[in-house]
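The lines below spell out each chain.
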Amino acid sequence: MLQPLRILFRPKWMVSRSSASYVSRMRHLNKIKEEDEACRAALQSGNIFLYHKLAPLLRWTDSGIYQLPALQTKDVEEILEKLGGDKEMVKESILINCTEQNEAQFSFDVGAIDQAAVEEQCRGTFVDLRKAFFLLRGSEAPLVARGQALLRWHQTNGFCSSTGQPTQRNQSGSQRVCHSSGITYYPKMSPVVIVLVSDGKRCLLGRQSTFPRGMYSALAGFCDIGETMEEALRREIAEEVGLEVESIQYSGSQHWPFPQSSFMVACHATVNPDKTHVSVDKEELEDARWFSLEEVQEALTIKVPPRNNKGEPTVFWVPPSYAIANRLIQEWANQQHLKS
Ligand SMILES: NC(=O)C1=CN([C@@H]2O[C@H](COP(=O)(O)OP(=O)(O)OC[C@H]3O[C@@H](n4cnc5c(N)ncnc54)[C@H](O)[C@@H]3O)[C@@H](O)[C@H]2O)C=CC1
Ligand SMILES: [Mg+2]
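Everything numeric in this text was worked out from a predicted model, so none of it was measured.

This part is about the packing of aromatic side chains. According to the stated counting rule, one finds 10 aromatic pairs in the structure shown. Aromatic pair Trp60 and Tyr66: ring centres 4.9 Å apart, planes at 65 degrees, arrangement edge-to-face. When the ring of Tyr216 is compared with that of Phe291, the centres are 5.1 Å apart and the planes differ by 65 degrees; the resulting orientation is edge-to-face. Taken together, the residues Tyr216 in the loop between strand S12 (203-207) and strand S13 (219-222) and Phe291 in strand S16 (residues 287-291) connect sequence positions 75 residues apart. By the burial criterion, Tyr216 is buried, and Phe291 matches it. By way of ring pairs, the aromatic residues Phe133, Phe134, Trp256, Phe258 and Tyr322 are connected into one cluster.

In structure tokens, the structure reads:
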């Protein structure tokens with residue numbers, strides 16, 4: 001019998017902020033998302049994160065870490081004019097979020113403007129998002145992913161799929177409308193379940209042939225239309241490794257920008273310790289197998305895996321800390337410790 005969902009942790013945002021300031025911030029954000037005039041005003045005093053062909057601009061700081069530089073709107077206008085662009089282009093910025101001080105945050109892709117010239121003006125470097133995810137700390141990684149996901153969605157949803165006519169965005173970029181059919185389009189994420197299966201003593205990890213060598217992760221799969229998350233989870237585990245899940249515990253969720261926006265719902269699951277035979281669907285996975293606590297602990301200590309002379313990792317390792325798979329594996333290891 002499947003257990004009901006249970007929240008295993010209380011995220012910081014649930015406890016650390018006063019509800020009044022959080023409520024006023026969310027209401028402010030909603031206003032600028034919905035009202036074009038309010039959004040234009042917010043853009044004047046807002047922060048902008050720059051992208052070039054969807055790669056975010058990062059800056060190396062004196063304190064020896066990479067940061068996501070937040071530019072002022074007037075600075076971006078100045079850069080655009082200086083580099084032969086039109087300063088009005090800045091109005092194409094997409095609203096991402098707002099700071100605790102209620103300053104709106106936007107993402108803007110410099111498009112055809114020369115990459116190196118922008119980098120020089122901004123004292124930064126445009127970095128591929130996968131690498132940027134690895135280099136940024138704390139809340140900057142999800143913020144930069146959100147900014148890129150929204151830019152990508154606008155770049156690929158310029159036309160109505162019903163009429164073929166161009167769609168028009170609102171000022172914040174929270175939607176696009178086809179004025180010919182009246183259809184409103186909203187940015188989309190595909191729901192995915194990601195699950196760490198345990199038999200009580202070991203955990204099950206798998207790898208796709210496209211993963212970097214030696215890397216194993218929790219099993220994941222897209223939800224089918226009409227499925228509950230629990231149904232998708234049970235189906236994916238049955239399909240990919242031939243096991244029947246007995247219990248499910250919710251752990252957390254994450255927006256995952258690669259290769260398109262997914263909404264990752266992360267769970268722990270158990271199987272009967274007498275029914276642990278794995279039969280891998282080779283179409284989906286190259287390998288899946290059980291790992292002991294010792295093996296997992298060792299893998300969790302590896303930040304950058306050692307590589308051979310072809311540049312390929314030579315050991316078993318798990319996804320880095322920014323991936324929710326890492327958190328599932330870490331949580332499982334902690335729980336095993338508590339049990340022993
Ligand atoms: N954040 C994390 O820690 C991790 C994230 N992931 C992500 O989870 C996602 C799903 O994992 P997979 O094992 O690849 O899924 P999967 O097991 O469902 O297999 C992928 C196949 O599902 C089909 N599919 C159905 N709906 C789809 C949709 N909306 N978009 C794309 N393909 C769809 C396609 O045929 C595709 O080849 C991937 O995007 C992967 O990047 C995977 C592991 C770790
Ligand atoms: Mg899968």
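What follows covers helix H5 (residues 115-122). Considered for burial, the residues of H5 that qualify are Ala117, Val118, Glu119 and Cys122. Packed against the buried residues of H5 are strand S1 (47-52), strand S2 (55-60), strand S4 (71-72), helix H4 (73-82) and strand S7 (125-126). One or two residues past the end of H5 sits Arg123, with phi positive at roughly 50 degrees.

Once that is clear, we can look at empty space enclosed by the protein. Considering all chains together, one arrives at 1 cavity of 30 Å³ or more under this definition. Considering each element in turn, the lining of the largest cavity owes the most residues, 3 residues, to H4. Its residues assigned to classes, the lining of the largest cavity shows 9 nonpolar, no polar and no charged.

The next point concerns the coordination of the magnesium ion (ligand 2). Protein-derived ligands of the magnesium ion (ligand 2) are Ala220 (O) and Glu240 (OE), with the metal-ligand distances lying across 2.2 Å. One end of the pair, Ala220, is in strand S13; the other, Glu240, is in helix H8 (residues 229-241), and 20 residues separate them in sequence. Using a relative accessible area of 3% as the deciding quantity, one classes Glu240 as buried.

Conventions used here
- Residues numbered from 1 in each chain as written.
- Chains lettered and ligands numbered in written order.
- Predicted model: local features only at pLDDT ≥ 70, side-chain atom pairs only at ≥ 80, totals over all residues.
- Heavy atoms only, no water.
- Phe/Tyr/Trp six-rings, centres within 6.5 Å; stacked < 30°, edge-to-face > 60°.
- Helix = DSSP H or I, 4+ residues; strand = E, 2+ residues; numbered from the N terminus.
- Buried < 20%, exposed > 50% of the residue type's maximum accessible area, 1.4 Å probe, protein only.
- Contact = heavy atoms within 4.5 Å.
- 1 Å grid on protein atoms, 1.4 Å probe; cavity = no way out; pocket = protein on both sides within 12 Å on 5 of 7 lines; lining within 4 Å.
- Points joined across faces, edges and corners; volume = space filled by probe spheres on them.
- Nonpolar A, V, L, I, M, F, W, Y, C, P; charged D, E, K, R; others polar.
- Donors = N, O, S within 2.8 Å, 3.2 Å for Na, K, Ca; no water.

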